[in-house]
Amino acid sequence: STPCAYRDRAIVSCLSTLGLRPGEVATLHLEDIDWRNGTIRLRTRKTGRGAILPLPREAGRAIVEYLRQERPSTDERRVFVQHLGRRTGVPISSGVVSAAAVRALQRAGIESPIAGGYVFRHTLASRMVRHGASLKEVADLLEMSPSGVRLQLDQLRELGAVALVVNANQTRVEVRDHLAVESL
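Let me begin by describing the structure that accompanies this report. (Residues numbered from 1 in each chain as written. Predicted model: local features only at pLDDT ≥ 70, side-chain atom pairs only at ≥ 80, totals over all residues. Heavy atoms only, no water.)

## Re the overall build of the chain
- Each helix and strand counted, the chain has seven helices and five strands in total.
- Along the chain, helices and strands appear, N-terminal first, in the series α-α-β-β-β-α-α-α-α-α-β-β.
- Here the chain holds 184 residues, and 46% of them are scored as buried.
- The contacts in the chain between residues at least 6 apart in sequence include a share of 51% that link residues at least 24 apart.
- Counting every atom, the chain has about 9800 Å² of accessible surface; 47% of that belongs to carbon and sulfur. (Helix = DSSP H or I, 4+ residues; strand = E, 2+ residues; numbered from the N terminus. Buried < 20%, exposed > 50% of the residue type's maximum accessible area, 1.4 Å probe, protein only. Contact = heavy atoms within 4.5 Å. Areas by Shrake-Rupley, 256 points an atom, 1.4 Å probe, with all protein chains shown as cover.)

Okay, here's the thing in structure tokens:
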């Protein structure tokens, strides 16, 4: 257990259940979470547009635990803040989010060629496809082009996780063995 265990768990939960980018996690504000409606608002995504996403129960619980058990007392409105030293209470950076993801992967014994928090986006994409989502549906959630999703799945395929099956009528994705990141 680290001084930031609850924070790291909440960060990884946001990455793995929502497919957020590290910068999106770092910029979440307390006001962005609508507990009553079970949603989370992203003010700005990579495309420059915001989004409202359903807040998965797992992520919501992890954030609540962090806020109640560990978050330092501060006037800062960002959800995730620094915990140690002179910077206690200061908003974290996307680098801190990525470092939390790397620590989680290391604790789980997973070596990934995909950097930091992005492995969780790739894993979410494969999980969605395995459960029947189309490339367009995955692309819409992750704010990517379908070709970008396909590139991510190609990278996972190189890891032995998925196989793209192409025939004259359609392209479908068969997930052989998705990354074990879901259990973190």
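## Focus on the pattern of salt bridges
- In total, this model carries eight salt bridges according to the counting rule given.
- In this structure, the salt-bridge partner of Arg-103 is Asp-8, at a minimum N-O distance of 2.8 Å. Here the residue Arg-103 occupies a position in helix H4 (residues 94–107), and Asp-8 occupies one in helix H1 (residues 5–18), the gap between them amounting to 95 residues.
- When its relative accessible area of 29% is taken as the criterion, Arg-103 is described as partly exposed.
- Residue Asp-32 pairs with Arg-43 through a salt bridge whose shortest N-O separation is 2.9 Å. Placement of Asp-32 in the loop between helix H2 (22–26) and strand E1 (33–34) and of Arg-43 in the loop between strand E2 (39–42) and strand E3 (51–54) is noted, with a sequence separation of 11 residues between them.
- We classify Asp-32 as buried; its relative accessible area is 3%.
- Three or more residues joined by partner-sharing salt bridges are found here, namely Glu-31, Asp-32, Arg-41, Arg-43 and Arg-77. (Salt bridge = Lys/Arg side-chain N within 4 Å of Asp/Glu carboxyl O.)

## Comments concerning the environment of Glu-76
- Here Glu-76 is to be found in the loop between helix H3 (57–69) and H4.
- Residue Glu-76 is classed as partly exposed on the basis of its relative accessible area, which comes to 23%.
- Along the chain, Glu-76 and Gly-89 lie 13 residues apart, while their C-alpha atoms are 6.6 Å from each other.
- In this structure, Glu-76 is in contact with Leu-30, Arg-71, Val-81, Gly-89 and Pro-91, ignoring residues within four places of it in sequence.
- Engagement of the side chain of Glu-76 in a polar contact is seen with the backbone nitrogen of Arg-78, the distance being 2.9 Å. (Polar contact = N/O pair within 3.5 Å; in protein donor to acceptor, adjacent residues only side chain to side chain.)

## Brief notes about the packing of H1 against H4
- Relative orientation of the contacting elements H1 and H4 amounts to 95 degrees, with a least axis distance of 9 Å. Relative to H4, H1 is oriented roughly perpendicular. On H4, the residues that touch Arg-7, Asp-8, Ile-11, Val-12 and Leu-15 of H1 are Val-96, Val-97, Ala-100, Ala-101, Arg-103 and Ala-104.
- Its residues assigned to classes, the contact of H1 with H4 shows eight nonpolar, no polar and three charged. (Axes fitted to C-alpha atoms, helices over the stretch in contact; angles between N-to-C directions. Parallel < 35°, antiparallel > 145°, perpendicular 65-115°, else oblique. Nonpolar A, V, L, I, M, F, W, Y, C, P; charged D, E, K, R; others polar.)

## So, the sheet that holds E3
- Spatially, three strands are ordered E1-E2-E3 in an open sheet, and the strand pairing comes out antiparallel. In the strand order of this sheet, the two ends are held by E1 and E3, each with one partner.
- Inspection of the sheet shows E2 paired to E3 by four bridges, in the antiparallel sense. When the bridges of E3 are listed, Arg-41 appears paired with Ile-52. (Pairing = 2+ DSSP bridges.)

## Some details on H1
- Given a rise of 1.5 Å per residue, 14 residues ought to cover 20 Å, and the 20 Å separating the end C-alpha atoms of H1 matches this to within 8%.
- The buried fraction of H1 amounts to 11 of the 14 residues, a majority that puts the element mostly inside the structure.
- Where H1 ends, the next residue or the one after it, Gly-19, has phi of about 70 degrees, a positive value. (Expected span 1.5 Å × (residues − 1).)

## Here's the deal with the nonpolar core
- One finds Ile-11, Leu-20, Val-25, Leu-28 and Phe-80 to be the most contacted residues of the largest nonpolar core, which totals 32 residues.
- Contact partners of Phe-80, with chain neighbours within four places excluded, come to Arg-7, Ala-10, Ile-11, Cys-14, Val-25, Leu-28, Ile-63, Tyr-66, Pro-91 and Ile-92.
- One finds Leu-124, Ala-125, Val-129 and Val-138 within the second-largest nonpolar core, a separate group that totals six residues. (Core = buried A, V, L, I, M, F, W, Y, C linked by side-chain atoms within 4.5 Å.)

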